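Chain and residue survey
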Amino acid sequence: MASPTEQQTPVPRTMTELLSPEWLTRALGTRFPDVRITHVTPGPVVSRVSTNVRFHMEGAGGLPEGLSPDLCGKGYFMDTGCWPARQAGVSEAFFYRHLASTSGIRTLRSVYADVDEETRHGVVITEDVVAQDAVFLDATSDYTPGLAADSLAELATLHAATWGDPALGTADWLSSRFESLLMGRGVKEIRDNFHSEIGAGVPSEIRDADRLVAAYRALAAQAHTAQPWSVIHGDPHVGNLYLDSHGRPSFLDWQLVQRGPWYLDVGYHIASTLTVEDRRHNEKALLRHYLDHLRAAGVDAPSWDEAWSGIRRGIIHGFYLWGITLKVDPAITTVLQHRLGTAAADHESFAAVGV
């Protein structure tokens, strides 16, 4: 819930409004009372489901200390054709408002995050890390086991900081989204992918759309009541990572943040970030590394057998999400379906959820 002060600055419904000096002055003034934006220079715009726009600001007398002139706005704006999907940004906006800084995980630094109470449109403004020499990644990027160890430590930081936290246990914005991912899509999308070049690398013994949907339905039922729970990223594939100016992996795109079992992040992350060969050679060591970081943070970590069983199931989460994916560059989808499908076959993941 936004504070009374922030409610006086309505969440922008259009990208044009967000980029106006007047709106930015009011919105940023909550955190930077002396700011007065005089000019905004729009930069590149990327529109998929959400719209991201980079921009540069100038202010009267300069900008306050701590406010970067180079920012990036993210929303579901009426003037970019993405308005019907606006509620997808609610959880992300609340993550940046309530958890990004306190959880300790490396992520974008937010200077504004709010949700319109009437329309449920979530908008986030963060520092533009591209201007700080960050490098954004995707499934075709070279992601090493060493980097995977670093990003798993970051996930352990998030999980440990929120492990069974009663203050987060009733937050609506962290409610499970597993069931909603099964609504209105599934078998047809997965079958279309499996029958195309995109799914050609999925092992034949697991290239079964009906069984994958059944497995995800079983996983969702188990995950919904799983104990212990923590706050999970929910979609931690390599395309939701960037390397900061020091070359350290950092997470972004928090639309699927929610309460859930740790293994959904960890199984998915290990299976999707690494090549099949690297994953096979390093997954046990990486899982131990993750568990060690949980323990170092004071968490009573799962036993090895529990953890190994967990990542077998967590792989299904990623495999299903990329099975239903249609609006991404096929070169990326192809790589991720191959990696996740092969991991699901290697780990007999369907059997792990009783399907």
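Residues numbered from 1 in each chain as written. Predicted model: local features only at pLDDT ≥ 70, side-chain atom pairs only at ≥ 80, totals over all residues. Heavy atoms only, no water.

**Observations concerning helix α3 (residues 21-29)**
Those residues of α3 that sit buried are Pro21, Trp23, Leu24, Ala27 and Leu28. Around the axis of α3, the buried residues are gathered within 155° of arc, so they sit on the same side. Contact partners of the buried residues in α3: α2 (15-18), β1 (37-47), β2 (51-59), β3 (70-75), β4 (110-115) and β5 (122-127). (Buried < 20%, exposed > 50% of the residue type's maximum accessible area, 1.4 Å probe, protein only. Helix = DSSP H or I, 4+ residues; strand = E, 2+ residues; numbered from the N terminus. Arc of directions from axis to C-beta. Contact = heavy atoms within 4.5 Å.)

**Things to note about the pairing of β1**
With eight bridges joining them, β1 and β2 adopt antiparallel strand pairing. Looking at the pairing, valine 40 lines up with methionine 57 of β2. The turn linking β1 back onto β2 is made up of three residues. (Pairing = 2+ DSSP bridges.)

**A word on the nonpolar core**
In terms of nonpolar packing, the biggest core is built from 90 residues, with Phe95, Phe319 and Tyr320 touching the most fellow members. With nine residues, the top contributor of residues to this core is helix α8 (residues 209-224). Setting aside chain neighbours within four positions, we find phenylalanine 319 in contact with Phe194, Val202, Ile206, Leu212, Gln337, Leu340, Gly341, Ala344 and Phe350. Formed by 22 residues, the second largest nonpolar core is a distinct cluster that contains Leu19, Leu28, Val40 and Val111. (Core = buried A, V, L, I, M, F, W, Y, C linked by side-chain atoms within 4.5 Å.)

**Quick look at the confidence of the model for the protein**
Summary statistics for the protein give a mean pLDDT of 93 and a share of 95% for residues scoring 70 or more. Note that residues 1-7 has pLDDT below 50 and, in this model, 14 contacts with residues that lie over four places away or in other chains. (pLDDT = per-residue confidence, 0-100.)

**So, the pattern of salt bridges**
Across all of its chains, the model carries 14 salt bridges by this definition. Salt-bridge contacts for aspartate 192 lead to lysine 188; the nearest nitrogen and oxygen are separated by 2.9 Å. Of this pair, aspartate 192 and lysine 188 both sit in helix α7 (residues 187-194), four residues apart, roughly one helical turn. Residue classification places aspartate 192 among the partly exposed positions, given a relative accessible area of 40%. (Salt bridge = Lys/Arg side-chain N within 4 Å of Asp/Glu carboxyl O.)

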